[in-house]
Amino acid sequence: MCGCCWHLLTHCCWILAVCLSVWMDSAHGIGVQLIPQNPVVNQSVTLSVTGVTGTIRLFTWYKGSSTDANVQIFSVIPSVNSVTNGLQYFPRASQFPNGSLQISGLVPTDQGNYTVFIQTIESTAQHTVLLTVYEPVTSSVISTNNKEPQEKEKVTLTCSANNAENILWSKDGAPVPPGLILSADNRTVSFSSVSRSDTGQYRCEALNAVSKIISDPYTLTVNYGPENLKMTDPQQVTIGKSFSLECSADSVPAPAYLWKFNGTNLDLQNNILHIHQATYENAGNYTCIVTNSVIKLSQETSVYVTVNENDPNDIPIGTGSIVGIVIAVILVVALVTALFLLLGIRRRHRSYERTRN
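Here the structure is a predicted model, which means the values were calculated and not measured.

**A look at the state of the cysteines**
- Inspection of every chain in the model, using the stated rule, returns two disulfides.
- Across the disulfide from Cys 159 sits Cys 204; the S-S distance is 2.1 Å. One disulfide, between Cys 159 and Cys 204, carries an S-S torsion of 70 degrees and so falls in the right-handed class. Here Cys 159 is found in strand 11 (residues 155–162), whereas its partner Cys 204 is found in strand 16 (residues 200–207), with 45 residues between them in sequence.
- The residue that forms a disulfide with Cys 247 is Cys 288, at a sulfur-sulfur distance of 2.1 Å. Judged by the torsion about the S-S bond (-95 degrees), the Cys 247/Cys 288 disulfide is left-handed. Taken together, the residues Cys 247 in strand 21 (residues 243–252) and Cys 288 in strand 25 (residues 284–292) connect sequence positions 41 residues apart.
- Look at Cys 247 and you get buried, because its relative accessible area is 0%.
- The connectivity of the disulfides in the protein is 1-2, 3-4, where the numbers refer to bonded cysteines in sequence order.

See the structure below:
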């Protein structure tokens, strides 16, 4: 065998031995542990090497998943405290004699794979670890595509948050009811046909592994009405006395009120019309008109009020009643007369009996 072939065979055997050693070391638990497990931007993290047996002769760190020289951070010989910086070296990176790497003042661009190559007296090994740099969640705010929804309209609430990995929704302090449509990332909750029962305060909680933030409440108000219009009224009032007409309706928002008297607008914008002293001029037709300013819908109801001289609640004495009273008086007089006559007869009879005796 020629010398060149022998050298090539020897080199291949060395490479095979190194690969086998790496596989065996990995099988025995060579690894890297992140301390802390969830590092945060502006803080420090240690990529702590674990499972190494024997004295470390050399270790090298790389920014990436390979051991290419172009991604080398530094190479260290612990026994002589020799450090050789690579092309990917940065001042915030430092090493420990046990093969670990520390990165201080973390920035988002530090995120990625890191590979360590370790050579001991007995073997060599390498391990790649993923470093995730977390940023605190900020700016959790709810917005909507429909600020004044009416019943049966579509409504979408959107939670805007930075650095969030998950979004949780709540309504009035409890999980949102079933039937709502959540997007794949939970950032939006949609109502395909909103109803008045969906009215309430909604919050979104944005969170990741290191922080969370809860939004201010967003009040969803579903507008409807007016409906169930009613008017409480005295249809007959007594002259000189006060009376009130009260108008009510179910509506969100609360409706605006307009009163008319015999077709003429009154200068009154609340739901109660009050007359202090009724006169004959107050008799007539009263109309209450309610309007929902959002839905632009109006309803009205009317009542006719009569003004009487006497209290309509008093029971008048008619001709029949007078005749009845007269008859009753005559009967009483006749009864009393008959009683006196009877008493007179009895006295005369007794007097006659005494005379005979």
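**Some details on the pattern of salt bridges**
- According to the stated counting rule, one finds five salt bridges in the structure shown.
- Between Asp 185 and Arg 187 there is a salt bridge whose closest N-O contact spans 3.8 Å.
- Where Lys 212 meets Glu 205, a salt bridge forms, and the shortest distance between an N and an O atom there is 3.4 Å.
- On the accessibility criterion, Lys 212 (57% relative accessible area) is exposed.
- On the basis of relative accessible area, Glu 205 is assigned to the buried category, the value being 18%.
- Through salt bridges with shared partners, one network takes in Glu 151, Arg 196 and Glu 227.

**Examining the nonpolar core**
- Counting residues in each nonpolar core, the largest one holds 24 residues, and the members touching the most others are Leu 47, Trp 61, Leu 101 and Tyr 114.
- Of all elements in the fold, only strand 1 (31–35), strand 2 (45–50), strand 3 (56–63), strand 4 (72–77), strand 7 (101–103), strand 8 (112–120) and strand 9 (124–131) reach the threshold of two or more residues within this core.
- Setting aside chain neighbours within four positions, we find Leu 47 in contact with Val 32, Gln 33, Leu 34, Trp 61, Ser 100, Leu 101, Tyr 114 and Val 129.
- In terms of nonpolar packing, the next biggest core, distinct from the first, is built from 20 residues, Leu 229, Val 237, Phe 243 and Leu 245 among them.

**A short note on the environment of Ile 295**
- Within the secondary structure layout, Ile 295 lies in the loop between strand 25 and strand 26 (297–308).
- Taking the C-alpha atoms as reference points, Ile 295 and Tyr 224, 71 residues apart in sequence, are found 7.1 Å from one another.
- Among residues more than four places away in sequence, those in contact with Ile 295 are Gln 150, Asn 223, Tyr 224 and Gly 225.

**Some details on the sheet that holds strand 7**
- Ordered in space as 1-2-7-6, the four strands form an open sheet in which the pairing is antiparallel. The outermost strands of the open sheet, each flanked by one partner alone, are strand 1 and strand 6 (93–95). Adjacent strand axes in the sheet meet at a mean angle of 20 degrees, parallel and antiparallel pairs treated alike.
- Here three bridges tie strand 2 to strand 7, and the two strands are oriented antiparallel to one another. In the strand pairing of strand 7, Val 45 is matched with Ile 103.

**Details of the packing of aromatic side chains**
- On inspection of all chains with the given rule, the structure shows three aromatic pairs.
- Centroid distance Phe 191 to Tyr 202: 5.9 Å. Interplanar angle 85 degrees. Geometry classified as edge-to-face. Of this pair, Phe 191 sits in strand 15 (residues 188–191) while Tyr 202 sits in strand 16; the two residues are 11 residues apart in sequence, bridging distant segments of the chain.
- Residue classification places Phe 191 among the buried positions, given a relative accessible area of 3%.
- Considering the side-chain rings of Phe 261 and Tyr 286, the 4.6 Å spacing of their centres and the 40 degrees angle between planes classify their relative orientation as tilted. One end of the pair, Phe 261, is in strand 22 (residues 256–261); the other, Tyr 286, is in strand 25, and 25 residues separate them in sequence. With respect to class, Phe 261 is no different from Tyr 286; both count as buried.
- Among the aromatic residues, ring-to-ring pairing joins Phe 243, Phe 261 and Tyr 286 into one connected group.
- Lying across the ring of Tyr 224, Arg 196 places its NZ or CZ 3.6 Å from the centre.

Reading guide: rules and limits
- Residue numbers restart at each chain and count upward from 1, following the sequence in its written direction.
- It should be noted that, the model being predicted, local features are given only for residues of pLDDT at least 70 and side-chain atom pairs only at 80 or more, the latter also being counted only at that level, while totals for whole chains, interfaces and linings use all residues.
- Side-chain calculation: all heavy atoms of the structure are included, whereas hydrogens and water are not.
- In what follows, a disulfide is any cysteine sulfur pair within 2.5 Å.
- Secondary structure elements follow DSSP: runs of H or I no shorter than four residues count as helices, runs of E no shorter than two count as strands, and numbering proceeds from the N terminus.
- Accessible area is worked out with a 1.4 Å probe on protein chains only. A residue is then buried under 20% of its type maximum, exposed over 50%, and partly exposed in between.
- Throughout this description, the term salt bridge denotes a Lys or Arg side-chain nitrogen within 4 Å of a carboxyl oxygen of Asp or Glu.
- To define a nonpolar core, start from buried Ala, Val, Leu, Ile, Met, Phe, Trp, Tyr and Cys residues and group those joined through side-chain atoms within 4.5 Å.
- Only heavy atoms matter for contacts: two residues are in contact if any of them lie within 4.5 Å across the pair.
- Strands qualify as paired when DSSP identifies two bridges or more between them.
- The axes used here are C-alpha line fits, helices contributing only the stretch in contact, and every angle between their N-to-C directions lies in the interval 0 to 180 degrees.
- Centres within 6.5 Å are what make two rings of Phe, Tyr or Trp a pair, Trp counting through its six-membered ring; a difference in plane orientation under 30 degrees is then read as stacked, over 60 as edge-to-face, and the rest as tilted.
- Geometrically, a lysine NZ or arginine CZ counts as sitting over a ring once it is within 6 Å of the ring centre and also within 35 degrees of the ring normal.

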